[in-house]
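Listed here are the chains, written in short residue letters.
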Amino acid sequence: MPTTEARPRLLHLTALLLGLMLLGACQGDYPQSSIDPQSDFADTIHSLYVQVTVWTLVILVVVWSVLAYVVVRFRENKNRPAPKQTHGHLGLEIAWTIVPALIVVAIAIPTIRAVFETQTELEGDPLTVEIIGHRYWWEVRYPESGVTTANEIHLPAGRPVTLQMNSADVIHSFWVPQLGGKRDVNPLRRVGEEGELRGYTYLYFTVREPGVFLGQCAEFCGEGHSLMRMRVVAESESDFNAWLADWQEPSATVTAPPPARDTTGQTPTEDPLVALGRQTMFTSTCVACHAIQGAPAAGVLGPNLTRVGGRMTIGAGLLENTPENLFRWIKDPASIKPGVQMPGAQEEGGGFPPTNLTDDQVRAVAAYLSSLR
Amino acid sequence: MYFVTALVFFVIAGVEALVIRMQLWRPENDFISAETYSQMFTMHGTTMIFLVAMPLAVAFFNLIVPLQIGARDVAFPRLNALSYWIFLFGGIFLNSSFLFGAAPNTSWVAYANLTSSQFSPGHNVDFWLLGLSILGVSSIIGGVNFITTIINLRAPGMKLMRMPLFTWMTLVTSFILVTALPVLAVALILLAFDRFFGANFYAPSAGGDPILWQHLFWIFGHPEVYILILPSFGVISDVIPTFSRKPLFGYPIVVYAGILIGFLGWGVWSHHMFTVGLGPIADAFFVASTMIIAIPTGVKIFNWIATMWGGQIRFTTSMLYAIGLLAIFTLGGLSGIMHASAPIDLQQHDTYFVVAHFHYVVAGGVMMGLFSGLYYWFPKITGRFMDERLGKINFWTYFIGFNLTFFPMHISGLLGMPRRTWTYSADLNVALPNMVSTVGAFIFALSALILVYTIIKSAISGEKAGPNPWNASTLEWSIPSPPPHYNFGEIPTVRSREPLWREDERREIEAVTLKVPDVEPVMPNSSYMPILLAFGVALTWGLVMTGRWWAPLIALAYVGVCVFVWAFEDPFARKGA
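Residues numbered from 1 in each chain as written. Chains lettered and ligands numbered in written order. Predicted model: local features only at pLDDT ≥ 70, side-chain atom pairs only at ≥ 80, totals over all residues.

1. With respect to the environment of Val170 of chain A
Structurally, Val170 of chain A can be placed in the loop between strand S5 (160-167) and strand S6 (172-174). Separated by 16 residues in sequence, Val170 of chain A and Asn186 of chain A have C-alpha atoms that sit 6.9 Å apart. Other than its neighbours up to four places away in sequence, Val170 of chain A contacts Arg135, Pro187, Cys221 and Gly222 of chain A together with Asn113, Leu114 and Phe119 of chain B. (Helix = DSSP H or I, 4+ residues; strand = E, 2+ residues; numbered from the N terminus. Contact = placed C-beta atoms within 7 Å.)

Printed below as a string of structure tokens:
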């Protein structure tokens, strides 16, 4: 593994060689880059990548140079005598079998070491997070604290993490490139007399610094595959714990505030739109699929909406989380995300009937959800 | 016939590729819908592999192998006709899905359990699995035919180690065909049972295992890669010596390397499955086996370069394509070494980096080798040269368009763009490489059009070619161009590996092969039966789609009748007698 001083230099070299032909592509941010490691797992892969890239570039340059030389030097020339009819050379054959074999061994040894290293649970009290792939969004569960959320995976920076993954439907693949390689997310199957569940897959890593890292599904899973995105929000340990605690405490607007105590007959201080939204939500089919902590909503088919107003995006990393976008999403999700399972206000979806909400009701639901922070 | 049909499918697959590139021209584009996009990339991949690259290679097997070994025809000419017609009906069946708006849409690898009736209720997957089943029958029949031909019909003196490399690689490929395709057939039949008859082979909810599909598919799928590339290796192993005026360097080593690749190709399938989570021991094994394959492949490349070393290289279009293959395939092979390193593959798997890699291998390696063969053998088959001036334009537009299309995909992949995605977020900052790719794709398409034009123009009015226009060394160049329908009036005797480059041997052979025989050898008549039979085979599979167990049996009975009628037909009956 190269030292930390050498790594940026090698990275630079690779970036330069690969990027030169597309100068423009070298500027700007690459939030989903696979060559910008931000975790120990990604570091291991990246140092291997740099090593193998150097080997292969050397071989490429040698082969291409010899080829170019041959093509120029031995082009047809009537002044040269007819070529000598050689049939082979044993020494050469042995040489160019052994040299590549040695290079292959040089690549295989660190590779196999990394294969074992990256598939072992990390030491130091790892946090287990359960990831469940759905068409086309990600469910995130924290078994130790009973917290369930979707598409935005909060993780403590600096603490080892174990992602235990499975799928609710077809095969997906979990990939947040800056935090490491991808791992397929497979449906579980029951085997044996006991009906034991098998098929979990795992990822082990430690995020280095707080930050937001983009990812998306990497195994074709159907029409909405390209829009099945997610992000990891890495925070300091204390921020992370605060986030967990917040989740368990219902947010202020989840249920209606108690009736005003004073007898002046003043209207409650609550935004009437939020109140209407709450009422609409809990009397519509929304709650058949969605759950909100502390409210009479316990559906499990769709994403858990506890504190959804605090999320950065909606629709699995698709749209910025604004009331206007929430309105668009609830009204007609299929126009934003083909293949989505959620029905729209007028359109059926995923085998479910339309919600039959009016625009005003949809706007109210959006306002209510936005208020859940 | 194979050739023309494959060329038509080549144009169709090319149009599909252009539609894909149009959609990816800019982020969040909506040129086509997500569903149409899925159909496009599924059909592009399936068509290019099963309806273009494989049949193009088979076209050369058919046309060239008998000539190279001194045979009048393949061992089973009637089986050969059947194989062609089944292939044609299979291709038509697969593409007819477009008419129903139900083109396959689960990618060319069609991973279970996405393909189950639950998650893919339409007929899209049915068309795919039945179409491939039909095509598989054709490939297996072809493979049997070529193995028999090469083993049994060689001219006197044509020992195995005197066979031209193209024939050798045809032999190896044919063995892979007859062994790998049945594995695909098994996978497809299990899928058919799941879909049509309610079985649960791949259904996890009932204890089935979707990963079983991946194993079966790749046990077929990786040898398939060698089915594609080995014929091209064979082509350039004949082309490079001819245009360097030197025998192939290290002939036995190149042969053994080809055989070794064919064998090892069976032991590497799970390198397509490093992300599945099979555990470190399985991963480590497949890392090692995959890397070993790099060695014989490298050895081949060194031997080709050594063949050119010290030669007198003539830059015909055929030779340019061969050199192009060397340059491009080397890059594609080396990015393959990166994926062989499992942890790196965890990043690159299913991204555009992999798309770049296999297009360097297939569009750069396989197709360039086949086009090299096209320019090389065209004068033999038609008696006319391909237009060299147009050929050079064709090659250079191909070379530039190809690299412009696929090199930037390395970059978009490294920057996090997954494959099989209908659109990509502007946040990823990969718009520029995608635009370059799209521009490249149009240059690439232009090159394909030039090629089609060149073929048609040259076939009609190309310069006339003699029996051995390139001064090549192998047996096919000893007979007139185009060859008489019986190929060899009298079978010559071969005494060396390069018979036409040894003055005494050449004269001996040409005395036999260029002579017009007094009595023409009798060749079998053509027959309509293979068409009727092939239609029946396609129909049998097609009727499986009804989901009624008795429906295909009706077509099967029809197939039985055809077989009997055909079997009792006298192939040598004189017309009007």
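2. Observations regarding the pairing of strand S2 (residues 137-142) of chain A
Residue and element names in this part refer to chain A. Across the six residues that make up S2, a large majority, five, are buried. As paired strands, strand S1 (residues 127-134) and S2 are joined by five bridges and run antiparallel to one another. Residue pairing across strands places Ile131 opposite Val140, the latter belonging to S2. From the end of S1 to the start of S2, which pair antiparallel, there are two residues. Here S2 hands over to strand S3 (residues 147-150) after four residues, with Gly146 in that stretch at a positive phi of 70°. (Buried ≥ 20, exposed ≤ 12 C-beta atoms within 10 Å, placed from the backbone. Pairing = 2+ DSSP bridges.)

3. Regarding unusual backbone geometry
Looking along the chain, the bond that leaves Arg135 of chain A and enters Tyr136 of chain A is cis, with omega of -5°. Tracing the chain through its elements places Tyr136 of chain A in the loop between S1 and S2. Put simply, Ala112 of chain B and Asn113 of chain B share a cis peptide bond, and its omega is -5°. For Asn113 of chain B, the position within the fold is in the loop between helix H3 (77-96) and helix H4 (124-152). A positive phi is found at Asp125 of chain A, a non-glycine position, where the angle reads about 50°. Inspection of the secondary structure assignment puts Asp125 of chain A in the loop between helix H3 (90-117) and S1. Here the phi dihedral of Asp350 of chain B falls at roughly 55°; this positive angle occurs in a residue that is not glycine.

4. Examining the interface of chain B and chain A
Every contact between the two is made by 82 residues of chain B and, on the other side, 86 residues of chain A. Take the side of chain B that touches chain A: its biggest share by element is 15 residues, from helix H8 (residues 280-308) of chain B. In terms of residue class, the side of chain B that touches chain A is built from 49 nonpolar, 24 polar and nine charged. (Nonpolar A, V, L, I, M, F, W, Y, C, P; charged D, E, K, R; others polar.)

5. So, the sheet that holds strand S11 (residues 211-216) of chain A
All names here are of chain A. Strand order in the open sheet formed by three strands is S4-S12-S11, and the pairing between neighbours is mixed. Of all the strands in the sheet, the pair left with one neighbour each is strand S4 (152-156) and S11. Each neighbouring strand pair of the sheet contributes to a mean axis angle of 25°, computed without reference to strand direction. Inspection of the sheet shows S4 paired to strand S12 (residues 229-235) by five bridges, in the parallel sense. Bridge pairing links Ile153 to Val232 in S12. In the packing of helix H4 (residues 237-248) onto the sheet, contacts are made with S4 and S12, and the angle to S4 comes to roughly 130°. (Axes fitted to C-alpha atoms, helices over the stretch in contact; angles between N-to-C directions.)

6. Some thoughts on the confidence of the model for chain A
Residue and element names in this part refer to chain A. Predicted confidence across chain A gives a mean pLDDT of 88, with 90% of residues reaching 70 or more. In the model, residues 1-8 has pLDDT below 50 throughout and makes six contacts with residues more than four positions away in sequence or in other chains. Note that pLDDT drops below 50 for residues 21-27; the model gives that stretch 13 contacts with residues more than four away or on any other chain. (pLDDT = per-residue confidence, 0-100.)

7. Regarding the packing of H3 of chain B against H4 of chain B
Residue and element names in this part refer to chain B. Running from N to C, H3 and H4 cross one another at 165°; their axes reach a closest spacing of 8 Å. In terms of their interaxial angle, H3 and H4 are classed as roughly antiparallel. In this structure, H3 meets H4 at a crossing whose hand is left-handed. On H4, the residues touching Leu79, Asn80, Leu82, Ser83, Ile86, Phe87, Phe89, Gly90, Phe93 and Leu94 of H3 are Phe127, Leu130, Gly131, Ile134, Leu135, Val137, Ser138, Ile141, Gly142 and Asn145. For the contact of H3 with H4, a count of residues per class yields 13 nonpolar, seven polar and no charged. (Parallel < 35°, antiparallel > 145°, perpendicular 65-115°, else oblique. Left-handed = near helix turned anticlockwise from the far one by under 90°.)

8. Describing the nonpolar core
As a rule of thumb, soluble globular proteins bury nonpolar side chains together. Residues and elements named next belong to chain B. In terms of nonpolar packing, the biggest core is built from 274 residues, with Ala53, Ile86, Ile134 and Ala187 touching the most fellow members. With 20 residues, the single largest contributor to this core is helix H11 (residues 352-382). Residues contacting Ala187, with those up to four places away along its chain left out, are Trp213, Leu216, Phe217 and Phe220. In terms of nonpolar packing, the next biggest core, distinct from the first, is built from seven residues, Tyr37, Met40, Phe41 and Met43 among them. (Core = buried A, V, L, I, M, F, W, Y, C linked by C-beta atoms within 7 Å.)

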